[in-house]
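The residues making up each chain are set out below.
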Amino acid sequence: MQNKITSILKKENLNREDLILLLSANPSETELIYKKAAEIKSNHVGNYTYFRGLIELSNVCTKNCYYCGIRKGNTKVQRYTVTDDEVLQVVRYALDRNWGSIVIQSGERQDAKFIDRIEGLLKKIQALSSIKVGVTLSLGEQKIETYDRWLEAGATRYLVRVETSNEDLFYKIHPKDKLHDFELRKQALKDLQKAGYMTGTGVMIGLPYQTMGDLADDLLFMKEYDIDMCGMGPYIEHEDTPLYRYNDVLLPVKERFDLTLKMIAVLRILMKDVNITSATALQAINPDGREEGIRCGANVIMPNITPVKYHDAYNLYKGKPQIVAETDEYIRKLEEQINEAGDEVGYGELGDPLHFKYRTEP
Ligand code: 5AD
Ligand code: SF4
């Protein structure tokens, strides 16, 4: 079997069967995969990890994804929205530390008030600095016109996770209605590319009834959609969600963690010059989880800079780390671990995905 993995790793083009075999590799074979991913990362995007300050802007959400702790139907959640002034304060924190980029993530809303507010906020963020601030939005599916307005106001990157590329599985983890539509989700990625964003997607790993074939298809989906960025993490159950009832069919948490690292490594091998985030959900399972992601091919970390008083309320899943990323002590430690993993922090750079430069037109 080891020979088999070695010969797959030598191939130029990987097919579905190759991907399934890589994802099913045993621990000693997995080391070969990580080594290959690290080599490709070094050759194609360099040994740099970029920080993006993550702002969880609001947990108000109009959607009802079955897995998510802040879904509209969860009445136990206390809803909050961070004010513009508070956002500007933490953006300044990120700029002072020379991170260059931030991510604004929020529950999903499509109303005019929300759209206007984001537009205004983006302008204020860009006015903070004479140098362009890298702004990634993760604000869900929107109209093309909204993507255009936000791009104009200063955002350059956008993430919409497809969550799974298997349509049947998609409708097992989402209600089947107009708000949660598999085709529209995929269309959003195309619209974003057309609008001119660096476009990212991602999936959850270890969902109930998800197979290795599904995960291989997820990787092929990312290749087919020619995405520039990816953030994928383990599925972690939340007891106040409908999906919790499938708890007894889940892989053990440690296996979901390992499988996520493998997905990161195999994606790096498949799409050499994309940006890959080492997701916060990895850290929820293992305190050093994100650093392991860096070792396996990821090159972006998003330290949470949301004002601390809101942390408890953005509970997407069980055990989500409530870490005070603001402390210099924490960042120093993170940097040390990144260095141990063989990377330098890409200070003062936007760290845009190289893939975007070479992407074929949508
Ligand atoms: N486990 C892991 N990730 C989750 N997300 C939401 N709920 C969970 C969960 N229970 C992720 C989804 C979503 C992002 C905001 O958080 O992938 O796109
Ligand atoms: Fe809302 Fe996103 Fe959670 Fe779905 S995953 S319920 S869209 S915050």
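Parameters and conventions
- Residues numbered from 1 in each chain as written.
- Chains lettered and ligands numbered in written order.
- Predicted model: local features only at pLDDT ≥ 70, side-chain atom pairs only at ≥ 80, totals over all residues.
- Heavy atoms only, no water.
- Helix = DSSP H or I, 4+ residues; strand = E, 2+ residues; numbered from the N terminus.
- Rg over C-alpha atoms; globule rule 2.2 N^0.38 Å.
- Buried < 20%, exposed > 50% of the residue type's maximum accessible area, 1.4 Å probe, protein only.
- Contact = heavy atoms within 4.5 Å.
- Lys, Arg positive; Asp, Glu negative; His and termini not counted.
- Charge placed at Lys NZ, Arg CZ, Asp CG, Glu CD.
- Near = heavy atom within 4 Å.
- 1 Å grid on protein atoms, 1.4 Å probe; cavity = no way out; pocket = protein on both sides within 12 Å on 5 of 7 lines; lining within 4 Å.
- Sits in = over half its atoms within 2 Å of the grid points.
- Nonpolar A, V, L, I, M, F, W, Y, C, P; charged D, E, K, R; others polar.
- Points joined across faces, edges and corners; volume = space filled by probe spheres on them.

Topic: the overall build of the protein chain
Looking only at helices and strands, the protein chain has 14 helices and 11 strands in total. Over its C-alpha atoms the protein chain spans a radius of gyration of 19 Å, differing by no more than 12% from the 21 Å that the globule rule assigns to 362 residues. Counting across all 362 residues of the protein chain, residues that qualify as buried make up 58%. The long-range share in the protein chain, meaning contacts at least 24 apart out of those at least 6 apart in sequence, stands at 74%. For the protein chain, the distance from the average position of its 48 positive side-chain charges to the average position of its 54 negative side-chain charges is 2 Å.

Some thoughts on the site of ligand 2
Taken together, the neighbourhood of ligand 2 is formed by Cys-61, Lys-63, Cys-65, Tyr-67, Cys-68, Ile-70, Arg-71, Gly-107 and Glu-108. Taken atom by atom, the bulk of ligand 2 overlaps the largest cavity. A per-class count over the shell around ligand 2 returns five nonpolar, one polar and three charged.

Focus: empty space enclosed by the protein
Taken as a whole, this structure holds three cavities of 30 Å³ or more when the rule is applied. Roughly 880 Å³ of internal volume is contained in the largest cavity. Taken together, 40 residues line the largest cavity, and the ones lying closest to its centre are Gln-105, Ser-138, Arg-161, Glu-163 and Leu-316. The greatest single-element share of the lining of the largest cavity, amounting to three residues, is contributed by strand β8 (residues 229–234).

Section: the layout of surface pockets
Within this model, the largest pocket holds a volume of roughly 430 Å³. In terms of lining, the largest pocket is formed by 25 residues, of which the most central are Thr-30, Glu-31, Tyr-34, Leu-261 and Cys-296. Contributions of two or more residues to the lining of the largest pocket are made by α3 (27–44), α10 (253–270) and α12 (289–295). Per element, the largest residue contribution to the lining of the largest pocket is seven residues, and it comes from α3. Looking at the lining of the largest pocket residue by residue, the class counts come to 12 nonpolar, four polar and nine charged. For the second largest pocket, the calculated volume is near 220 Å³. As for the second largest pocket, its lining consists of Glu-12, Asn-13, Leu-14, Lys-223, Asp-226, Ile-269, Leu-270, Met-271, Lys-272, Asp-273 and His-355.

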